[in-house]
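What the coordinates show
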Amino acid sequence: MDLYISYKKQIMEDLKFDAFNIKEYSMLVASKKHFWVARLNDHRLELEELKINKNKLIKTLLKKAEEASPIKLSKVSLEKSLEDTPEFEDINKKIKENEHLIKYLEDVGWIFSKLTEDIKNAIENIKLEQM
């Protein structure tokens, strides 16, 4: 979850603007949106890769277990026994982390999509204060 904490801090910084930097900030919004959408897609791709690797791991471990077992166990029983292996736990943990990051970054995407409205409102407030 270190990546989540890092993203959270970076996003908080990316969302900060004030009356002094609003013009520069408004010009950077599109690139900031793109950056976070790219991170979202990176995690979607990583999640797919993890799922593929998990399936490969299952097949490999099932094959090893079938060869090593003196008795024939059902595929379901073998798969259940694999869930306790460190490799399986590690890949499941990475999958869960990516799923959480994807959900978070989808919410961040929504926040960034509303950012132009926030900037517009801030500019209107500045105009009103100057009258």
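Residues numbered from 1 in each chain as written. Predicted model: local features only at pLDDT ≥ 70, side-chain atom pairs only at ≥ 80, totals over all residues. Heavy atoms only, no water.

**Some details on the nonpolar core**
Core analysis: the largest hydrophobic core is formed by 27 residues, its most contacted members being Tyr7, Ile11, Trp36 and Leu105. Secondary-structure elements contributing two or more residues to this core are helix H1 (2–14), helix H2 (22–68), helix H3 (75–82), helix H4 (86–113) and helix H5 (115–130). Looking at which element gives the most residues to this core, the answer is H2, with 11 residues. Those residues within four positions of Trp36 in sequence are excluded, and the remaining contacts are Tyr7, Gln10, Ile11, Asp14, Leu105, Val108 and Phe112. (Core = buried A, V, L, I, M, F, W, Y, C linked by side-chain atoms within 4.5 Å. Buried < 20%, exposed > 50% of the residue type's maximum accessible area, 1.4 Å probe, protein only. Helix = DSSP H or I, 4+ residues; strand = E, 2+ residues; numbered from the N terminus. Contact = heavy atoms within 4.5 Å.)

**Comments concerning the side chain of Asn98**
Along the polypeptide, Asn98 turns up in helix H4. Residue classification places Asn98 among the buried residues on the basis of a relative accessible area of 4%. Setting aside residues no more than four positions away along its own chain, Asn98 makes contact with His43, Glu46, Leu47 and Leu50.

**Remarks on the packing of aromatic side chains**
Per the stated rule, a full pass over the model turns up four aromatic pairs. For the pair Tyr4 and Tyr104, a centre-to-centre distance of 5.0 Å together with 75° between the ring planes defines the contact as edge-to-face. A residue pair is termed long-range when its members are at least 10 positions apart, and Tyr4 in helix H1 and Tyr104 in helix H4 qualify at 100 residues. Residue classification places Tyr4 among the partly exposed positions, given a relative accessible area of 29%. These aromatic residues form a ring-pair network of at least three members: Tyr7, Phe35 and Trp36. (Phe/Tyr/Trp six-rings, centres within 6.5 Å; stacked < 30°, edge-to-face > 60°.)

**Some remarks on H4**
Compared with the 40 Å implied by 1.5 Å per residue over 28 residues, the 40 Å span of H4 between its first and last C-alpha is a close match. The set of residues buried in H4 consists of Phe88, Ile91, Ile95, Asn98, Leu101, Ile102, Tyr104, Leu105, Val108 and Phe112. Residues of H4 that are buried sit in contact with H1, H2, H3 and H5. (Expected span 1.5 Å × (residues − 1).)

**Examining the packing of H1 against H4**
Two numbers describe how H1 lies on H4: the axes approach to 11 Å, and their chain directions differ by 5°. Here H1 is positioned roughly parallel relative to H4, judged by the angle of their axes. Touching Leu3, Tyr4, Tyr7, Lys8, Ile11 and Asp14 of H1 are Leu101, Tyr104, Leu105, Val108 and Phe112, all from H4. In terms of residue class, the contact of H1 with H4 is made up of nine nonpolar, no polar and two charged. (Axes fitted to C-alpha atoms, helices over the stretch in contact; angles between N-to-C directions. Parallel < 35°, antiparallel > 145°, perpendicular 65-115°, else oblique. Nonpolar A, V, L, I, M, F, W, Y, C, P; charged D, E, K, R; others polar.)

**Thoughts on the confidence of the model for the protein chain**
Averaged over every residue, the pLDDT of the protein chain is 87; residues scoring 70 or more account for 99%. The weakest mean pLDDT in the protein chain belongs to H3 at 74; the strongest belongs to H1 at 94. (pLDDT = per-residue confidence, 0-100.)

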